[in-house]
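Chain by chain, the residues:
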Amino acid sequence: QALADNRARGQWGERIAEDILRLSGFIEGINYTKQTSIEIDGKKTRPDFTFNLPNSMTVNMDCKFPLDNYLKFLEVEAQSDKAAYRKNFLNDIRSRVKEIGKRNYITPEQNTVDCVLIFIPNEQIYRFIHEEDSSIIDEALKEQVIICSPITLYIVLAVIRQSVENFKLEQSSKEILKLLTEFKKQWEQ
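Residues numbered from 1 in each chain as written. Predicted model: local features only at pLDDT ≥ 70, side-chain atom pairs only at ≥ 80, totals over all residues. Heavy atoms only, no water.

Participant: Describe the overall build of the protein chain, and please don't skip the residues or the numbers.
Facilitator: Across its full length, the protein chain holds 6 helices and 7 strands. Of the regular secondary structure in the protein chain, the N- to C-terminal order runs α-β-β-β-β-β-α-α-β-α-α-β-α. When burial is assessed residue by residue, the protein chain has 37% of its 189 residues classed as buried. Expressed as a percentage of contacts within the protein chain between residues at least 6 apart in sequence, the contacts between residues at least 24 apart total 64%. Within the structure as shown, the protein chain displays about 11500 Å² of accessible surface, and the carbon and sulfur contribution to it stands at 52%. (Helix = DSSP H or I, 4+ residues; strand = E, 2+ residues; numbered from the N terminus. Buried < 20%, exposed > 50% of the residue type's maximum accessible area, 1.4 Å probe, protein only. Contact = heavy atoms within 4.5 Å. Areas by Shrake-Rupley, 256 points an atom, 1.4 Å probe, with all protein chains shown as cover.)

The structure is reproduced here in structure tokens:
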């Protein structure tokens, strides 16, 4: 019942995502921002999370997801009703993917990468989508949307963190080589 309300479901998704971010060592204001508005061509949008990448690039994530028909699917006994709710839930997911794909979360003007994340904060629901209709994942990728569960979000965050660390290491290496070159010139003089 607590997850029947869209707002509560969004807050729950954000809370789970924040827990994963903390476990991944991410710090708000440094590695990511929350609820930062983006305005493109007079249209405002506000992703739940924006992750900071090297070279001032970002990737956005939305935590809201449809659940009503999934809950009904779990509650009903009749197989015909289960089939209808299953179909409705999968259509809800498809609609959500298309909606996110059109939300200006991917914008060259804002230096975003060419994909957006949708976080589904429950492994059981994520598994249900994969088992019942794995083509949704392919359709999402065509829309440049990556659907993440808690485990896959942890993996995505590990990749983000590693890319940031590699970028910093590369920048430090360049600085060290520059200083060594300067030192060599002065030594030779």
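Now that the structure is up, let's keep going.
Participant: Give me the lowdown on the pairing of strand β5 (residues 58–62), citing residues and values where you can.
Facilitator: Summarising burial for β5: 5 of the 5 residues are buried, a large majority. Of the two faces of β5, the one holding Thr58, Asn60 and Asp62 and the one holding Val59 and Met61 are both buried throughout. Sheet topology note: the strand β4 (residues 49–52)/β5 ladder contains 4 bridges and is antiparallel. Within the sheet, the bridge partner assigned to phenylalanine 51 lies in β5 and is valine 59. Hairpin connection from β4 to β5: 5 residues lie between these consecutive antiparallel strands, with asparagine 55 at a positive phi of about 55 degrees. (Pairing = 2+ DSSP bridges.)

Participant: So, the side chain of asparagine 69: which residues are in play, and what are the values?
Facilitator: Here asparagine 69 lies in helix α2 (residues 68–75). Look past the residues within four positions of asparagine 69 in its chain and what remains in contact with it is Tyr85, Asn88, Phe89 and Asp92.

Participant: So what's going on with the environment of glutamate 28? Residues and values would help.
Facilitator: Relative to the assigned elements, glutamate 28 resides in the loop between α1 (6–23) and β1 (32–34). Those residues in contact with glutamate 28 that lie beyond four places of it in its chain are Glu18 and Lys34.

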